Structure formats: C-alpha cells, structure tokens
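Overview (structure and organization)
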Amino acid sequence: VKLALSLVDAALSLAAALVLVLSPLSLRAAEFAAGTTSVGALQWLVYAALVGGGFLLLGLPLAFVSGYLVEHRFGLSNQTLGAWVREQGKGMALLVGLGTPLLLGFRALVLGTGAWWGLAVAVAFFAVTVLLVRLAPTLLMPIFFQFKPLENPALAAAIGDICRRGGLALEGVYQFDMSKNTRKANAAFTGLGKTKRVILGDTLLAKFSVDEIRAVVAHEVGHFTHAHLVKGLAANGVLTTALFLLAQAAYGALAPRLGYGPAGDLAGLPLIFLVLGVAGFVSQPLSNALSRAFEREADRYAFATTGPTPMADALRRLAEQNLADVRPNPVVEFLFHSHPSVAKRIAAADAFRN
Ligand SMILES: [Zn+2]
C-alpha cells in the first residue's frame, strides 16, 4: 500500500511539474512575482511561496493518507490527528527555514557563475549535505524527538563494549521517544565527527531482548567500521554532480524552445527541478543497490561480533513489529528497497553459521 501511494505521489508530482513547465503557468507566476517587488531575490521568494506552496498543498492529501490513515488502518500509529498536524507544521517550518537560504544561495550561484553553474551548485550542494549530516543529531532531529542518554546502565555498558571493540569513539548512545508517533521500531548510526552517535527508538528498547539490541548496535557499528557514511556521502557527491551537470545541459537545450531565458530566469526554475527530479528518480535503483551492499556488510559485521542468531532474531522481530514485507517481489526490491529483504538477511545469517 505504501509503495503504491508513493508511486502515485511521484506520478502526480511529475504531472504537475510538466503542466507547470509546458503551459504558460510558470511565466505567469514569475510575472506576478516581478509585479510585487523590483528586488530579484524577493521575486524568487514570492515565486517559491506561490509555486512551492502549490506543490505542498497538492501533496498534502496523499501525505495524510500514507502517513496517517494507512498507519492507523494497520495499527502502527500512536498519533492523534492533532499530533500529526503539528508534526507536518514542524516539517514545513523546517522546509521554509532551510529552503529560503538554500534557494537564495542557488540563485546567487547560478547568476554568478554563468557557464559553470551546474558544477558550482553541485559543489555547494555537497558542502551543505555534509554540514546537515553533521548537524542532524544535535540540531535537526531534536525538533521532532526527545533524545536522552540510555537509561538502562547495564545495557549502556554492553553497548559501550561493542562500540569500543569496533574502534568507535561515540559522542553517546541515546534513546528517543519514537513511541509518541508509532509502534514501529528503529535504530540508527548518525552524525559526523564530534556528533557521531547511536540512537535507539524506545519502541525497540521495550520489545527487544538485550542480545537482540546488542546485535542491532553491532550492525550500526558495522556501518561505522566500514565507513559507510563517508563512502555514501562520496558516492552521493559524484551522483549529484552528474545530475546537476545533466540539468545544466538539459536546461540549455530545452529552455529556448519552451520560451525561457538563460539559467537564472525565474520562470525556468521548474524545468531545472523537473530534470533533477526525473534523473534522481531514475538513478534511485543505483543508490539503493549501494545501500543494500552496505546493509549486507553491516549485517556480516554483526554476525561476526554478536553471533548470527541474535541478529536473525532481531530481524524477525523488527519485521513483525514494523509489518515489513519479508519476501517482497524481487523487482520491487531491486528498484525501491534500501535494505535487502528480511528473508535474504536471515538466509545470510544461516549461511554465516554454516
Ligand atoms: Zn543498516
């Protein structure tokens, strides 16, 4: 159900973007923005509020169906309607707060670097991504969840031991209040440099045995010892550079035929995002394949550190608690899944044991 909804969402966004680019709608919106102020940067913000706001409104019904109705229908959600609305509000506030300086930075780069704008934007995008990964645990995630040091001292000691064995000097191990929103469980390795930390959902701590939690932490430490975050950032940097160079070339070829000016013409902005969006969607199986390879490697680290059985138990419990599809269609898995199927991961644990 979730996959079908996300594909409908992607198709709707694509259709809306095509209408915007191929009809005079974007030209009219840019004219309107130009009529409100003579300051170029402000014109971009007026245009972004108008067109970006339109896209947000268009996506809202599906976000409600997928994030609220479906979650409740399958008994996964702990959220009241009011809480869902508040979370959406926070997300949008963050989008505006981060999006405004990013959009103005994008404008300055495109107008300032001329023939090199694709490369300049790609380099800036990479720098911003690294900065956000670094700031995520301390600045962004606390907007949505409360983090506190792990309450169970025996568990904290066991986890500290696994981290030390992996050579991981953590800023800390934290638990967070996932249960306010959902019954699903999750854990992650986040941050960069001094903000490196392992975070565990309280939903995971409540339902998983100590051995299973140790296995989950060992999996996260496996991501660290194999430098997956750094490798992922590097791969992402190469991919986004290719995407921005493609967007620059496609814009240069298509804009004159569609009545838009050179890059930096406000009305042509959706054409750039359309190319980026379509190319990003098409390249998704590539990023997913890399992610699945990282997950297999992190699993193997957990098998070797805490034994294959606790990891297999944790995976079974995780699939049950999150209502994950244990054996998805292989084509669906190849195209859309960032993690190998639970059936394959448990089979890998069995193979490791023998
Ligand atoms: Zn993982």
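Attention in this report is confined to the structure presented alongside it. Not measured: the values here are computed from a predicted model. Every chain's residues receive numbers from 1 upward, in the order its sequence appears when written. Local features in a predicted model are, by the rule used here, given only for residues with pLDDT of at least 70; side-chain atom pairs are given and counted only at 80 or more, and totals for whole chains, interfaces and linings are based on all residues. Only hydrogens and water are removed before side-chain values are computed, so all heavy atoms of the structure are retained for them.

Notes on the overall build of the protein chain
Rules: Helix numbers and strand numbers start at the N terminus; a helix is a DSSP run of H or I with at least 4 residues, a strand a run of E with at least 2. With C-alpha atoms as the basis for the radius of gyration, the globule rule is written as 2.2 Å multiplied by the number of residues raised to the power 0.38. The buried label goes to any residue with under 20% of its type's maximum accessible area, the exposed label to any with over 50%, and the partly exposed label to all in between, with areas taken from a 1.4 Å probe on protein chains only. Pairs of residues are marked as contacts when any of their non-hydrogen atoms sit within 4.5 Å. Residue-level accessible areas treat just the shown protein chains as cover; the underlying method is Shrake-Rupley with a 1.4 Å probe. Charged residues are defined here as Lys and Arg on the positive side and Asp and Glu on the negative side; His and the ends of the chain fall outside this count. The atom standing in for a charge is NZ when the residue is Lys, CZ when it is Arg, CG when it is Asp and CD when it is Glu.
Within the protein chain, the regular secondary structure consists of 14 helices and four strands. Whereas a compact globule of 354 residues would reach a radius of gyration of roughly 20 Å, the protein chain reaches 22 Å, a difference of no more than 12%. In the protein chain, which comprises 354 residues, the share counted as buried stands at 39%. Once local pairs closer than 6 in sequence are excluded, the contacts in the protein chain between residues at least 24 apart make up 74%. A total accessible area of about 17,700 Å² is found for the protein chain, and carbon and sulfur atoms account for 69% of it. The positive charge centre, built from 29 side chains, and the negative charge centre, built from 21, are 2 Å apart in the protein chain.

Points about the coordination of the zinc ion
Just so we agree on the cut-off: Coordination partners: N, O, S within 2.8 Å of the metal, 3.2 Å for Na, K and Ca; water not considered, so apparent gaps in a site are possible.
The protein atoms that coordinate the zinc ion are His219 (NE2), His223 (NE2) and Glu295 (OE), at distances of 2.0 to 2.1 Å. The class for Glu295 is buried, based on a relative accessible area of 7%.

Notes on unusual backbone geometry
Of note in the backbone geometry, Ala227 takes a positive phi value of approximately 55° without being a glycine. If you trace the backbone, Ala227 turns up in the loop between helix 8 (210–225) and helix 9 (228–258). On the accessibility criterion, Ala227 (31% relative accessible area) is partly exposed.

Focus on the pattern of salt bridges
Operational definition: A pair is scored as a salt bridge if a Lys or Arg side-chain nitrogen falls within 4 Å of a carboxyl oxygen belonging to Asp or Glu.
Per the counting criterion, the structure on display carries 13 salt bridges. A salt bridge links Glu71 to Lys2, with the nearest nitrogen and oxygen atoms 2.8 Å apart. With Glu71 in helix 3 (residues 40–73) and Lys2 in helix 1 (residues 2–22), this pair connects stretches of sequence that are 69 residues apart. In this structure, the salt-bridge partner of Arg345 is Asp299, at a minimum N-O distance of 2.7 Å. With Arg345 in helix 14 (residues 342–353) and Asp299 in helix 11 (residues 284–306), this pair connects stretches of sequence that are 46 residues apart. Residues Arg345 and Asp299 agree in their burial class; the two are buried. Salt bridges sharing common partners tie together Lys2, Glu71 and Lys184.

Spatial relationships are all this shows, so hold off on functional conclusions.
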